[in-house]
Amino acid sequence: MSRETEPAAAGSGPAGMSAATRVTLFMSVCYCGLGAILPYLPVWLEEAKGLSGAEIGLVLASANIARVVIGPMTAAWADGLADRRTPLIVLAIIALAAYGLMGPLTGFAALFVVGFVAGVVYQGMIPFVEAAALRATLTGRPSYGVARALASGLFIVGNLGAGALMQAFGPWAAYGWIAVSCLVLALAGGLLPREPVAAGAAPASFRTRLKDALGLVKAPGFLLLMIGGGLIQAAHAFYYGFSSLVWIDQGIAAGWVGALWGWGVAVEIIFLATSAKWLMRVKPEYLLLAGGVAAVVRWTVYAFSPPVWLLIPLQATHAMTFAATHLGAMRMIQRQFGLEGGPTAQTIYASLAMAPALGLATLASGWLYDAVGAQGYAAMAAMAAIGLAAVVVLARRAGPAAVTAPA
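Computed from a prediction, not measured in an experiment: that's the story for all the values here.

1. Here we look at a nonpolar patch on the surface
Moving on, step 1. Residues W77, V90, I94 and V117 make up a contiguous nonpolar surface patch of about 260 Å² in total accessible area.
Moving on, step 2. Relative to the helices and strands, W77 resides in helix α2 (residues 53–79).
Moving on, step 3. Residue W77 is classed as partly exposed on the basis of its relative accessible area of 31%.

2. Quick word on the side chain of T24
Moving on, step 1. By secondary structure assignment, the location of T24 is in helix α1 (residues 19–47).
Moving on, step 2. By relative accessible area, T24 is classed as buried at 6%.
Moving on, step 3. T24 has contacts with P142, A147 and L150, leaving out every residue within four places of it along the chain.

3. Looking at helix α3 (residues 86–102)
Moving on, step 1. Spanning 17 residues, α3 covers 25 Å between terminal C-alpha atoms, matching the ideal 24 Å at 1.5 Å per step.
Moving on, step 2. Restricting attention to buried positions, one finds in α3 the residues P87, L88, L91, A92, A95, A98, Y99 and M102. Along the long axis of α3, the arc covered by the buried residues comes to 135°, so they all point the same way.

4. Concerning the packing of α3 against helix α4 (residues 108–136)
Moving on, step 1. Packing of α3 against α4 brings their axes to within 8 Å, and their N-to-C directions diverge by 150°. By the angle between their directions, the pair α3 and α4 is classed as roughly antiparallel. Along this stretch, α3 crosses α4, giving a crossing that reads as left-handed.

5. Quick word on the environment of I312
Moving on, step 1. When you line up the elements, I312 lands in helix α12 (residues 308–315).
Moving on, step 2. In this structure I312 comes out as partly exposed when scored by relative accessible area, which is 32%.
Moving on, step 3. On a C-alpha basis, the gap between I312 and W263 in space is 7.5 Å, while along the polypeptide they are 49 residues apart.
Moving on, step 4. Once you skip the residues sitting within four places of it in the chain, I312 turns out to touch W256, L260 and W263.

6. So, the confidence of the model for the chain
Moving on, step 1. Within the chain, residue pLDDT values average 82, and 80% of them lie at 70 or more.
Moving on, step 2. Below a pLDDT of 50 lies the segment residues 399–407, which in the model reaches 16 contacts outside its immediate sequence neighbourhood of four places, other chains included.

7. Here's the deal with the side chain of T325
Moving on, step 1. Residue position: T325 is located in helix α13 (residues 318–372).
Moving on, step 2. On the basis of relative accessible area, T325 is assigned to the buried category, the value being 0%.
Moving on, step 3. A polar atom in the side chain of T325 sits 3.4 Å from the backbone oxygen of M320.
Moving on, step 4. In this structure T325 touches G229, I232, Q233, L287, L288, G291, G292 and M320, once residues within four positions along its chain are discounted.

8. Describing the environment of I227
Moving on, step 1. Tracing the chain through its elements places I227 in helix α8 (residues 222–234).
Moving on, step 2. Since its relative accessible area comes to 37%, I227 is described here as partly exposed.
Moving on, step 3. Residues I227 and A357 lie 130 residues apart in sequence; the distance between their C-alpha atoms is 8.9 Å.
Moving on, step 4. Ignoring sequence-local partners within four residues, the contact set of I227 consists of G387 and A390.

9. What to know about the packing of aromatic side chains
Moving on, step 1. This structure, assessed with the given rule, holds 17 aromatic pairs.
Moving on, step 2. Taking 5.7 Å as the distance between ring centres and 40° as the angle between the ring planes, the aromatic pair formed by F108 and F112 counts as tilted. Pair noted here: F108 and F112 are both in helix α4, with a separation of four residues, about one helical turn.
Moving on, step 3. Under the relative-accessibility criterion, F108 is labelled partly exposed at 27%.
Moving on, step 4. Seen from their ring centres, F155 and W261 are 6.4 Å apart, and the 35° between their planes marks the pair as tilted. Of this pair, F155 sits in helix α5 (residues 144–169) while W261 sits in helix α10 (residues 254–274), and the two are 106 residues apart along the sequence.
Moving on, step 5. One aromatic cluster in this structure is built from F155, F238, Y239, Y240, F242, W247, W261, W299, Y302, Y369 and Y377.
Moving on, step 6. Positioned above the aromatic ring of Y239, the side-chain terminus of R298 is 4.7 Å from the ring centre.

Reading the values: rules and limits
- Residues numbered from 1 in each chain as written.
- Predicted model: local features only at pLDDT ≥ 70, side-chain atom pairs only at ≥ 80, totals over all residues.
- Heavy atoms only, no water.
- Patch = residues over 30% accessible without salt bridge, like charges linked within 9 Å, V, L, I, M, F, W, Y side chains within 5 Å.
- Areas by Shrake-Rupley, 256 points an atom, 1.4 Å probe, with all protein chains shown as cover.
- Salt bridge = Lys/Arg side-chain N within 4 Å of Asp/Glu carboxyl O.
- Helix = DSSP H or I, 4+ residues; strand = E, 2+ residues; numbered from the N terminus.
- Buried < 20%, exposed > 50% of the residue type's maximum accessible area, 1.4 Å probe, protein only.
- Contact = heavy atoms within 4.5 Å.
- Expected span 1.5 Å × (residues − 1).
- Arc of directions from axis to C-beta.
- Axes fitted to C-alpha atoms, helices over the stretch in contact; angles between N-to-C directions.
- Parallel < 35°, antiparallel > 145°, perpendicular 65-115°, else oblique.
- Left-handed = near helix turned anticlockwise from the far one by under 90°.
- pLDDT = per-residue confidence, 0-100.
- Polar contact = N/O pair within 3.5 Å; in protein donor to acceptor, adjacent residues only side chain to side chain.
- Phe/Tyr/Trp six-rings, centres within 6.5 Å; stacked < 30°, edge-to-face > 60°.
- Lys NZ or Arg CZ within 6 Å of the ring centre and 35° of its normal.

Structure representation (structure tokens):
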């Protein structure tokens, strides 16, 4: 259903940067902000705004649940635009406005509404920037693996930087990091390379594009991938939303909290940066299986509130629970739908699989945190086990690829 896109110019752009470098810069800033949002937005909402665990869960979960509807509509809207960079620029500006408004607001209702908008647009940028990076790095350096690793490196900067500021100045410092990151992201949107859609037949109507996007769910094996990969990734919900609060409740300092988050992503970076050397020899189904097994083990142990010395090696399994699962899913989508259909399929996967599962799991995590604290991780282990079972079925049914495309 996707129209052809003229490759972004490989030559130099502003300040002599290539198209791939400019997309990498935008993606890195995006993940730098995310590195503060995931661990510290819940802390800020609890300590600065006085929200309960259940209320925090509602704020965090609402955007993911709504993406079931908003995601496919956004994909259909973007597929009809003349320039592929437009969705990223628009979403970045809205994210800046929404997170900026959260600062002066008080009361659960107002924070819920604005937090919903902020979550929808910020998370909505991820599949678009991932697809842009895949396209840009095909014709220029850095490679996708290196670009994604650099973005993960900036995620660590967000973890450590916001954590250090929060430890020194309180939770408002972490919010300040988020707001400034959104400002830089909106400015970085002006550096994105133009990606005009190739001239040709007029694009299909919005309704037709939406119908075609939703029709991808019927593709062979795609539903199993959505269930398996979606549940394994959604099992991170308690970790994303409440690990910082659990660790602080255990008496772990905010600086250590940032370091633990950063260490998990550092191992992920090594995994991503070195993956190109061996990735083509590993079937994507096996990456998903590895991610599922690691998730069951990881979240089971986390339910027993392990000490810092044990958390350090356990955090290294993030390279499996997140990165291997992510790469496996992206490779399967690209293998089946190719470079043109891939971005829409990625958005559908993120919107109909990851978003609702992660949203509902986050909503439940708020209640679990209020009720049982760290033992809420046990529910995540059970969710990962269901996802792993779906991946096992998918691996057994795997047949020849519908479309062969470079990974």
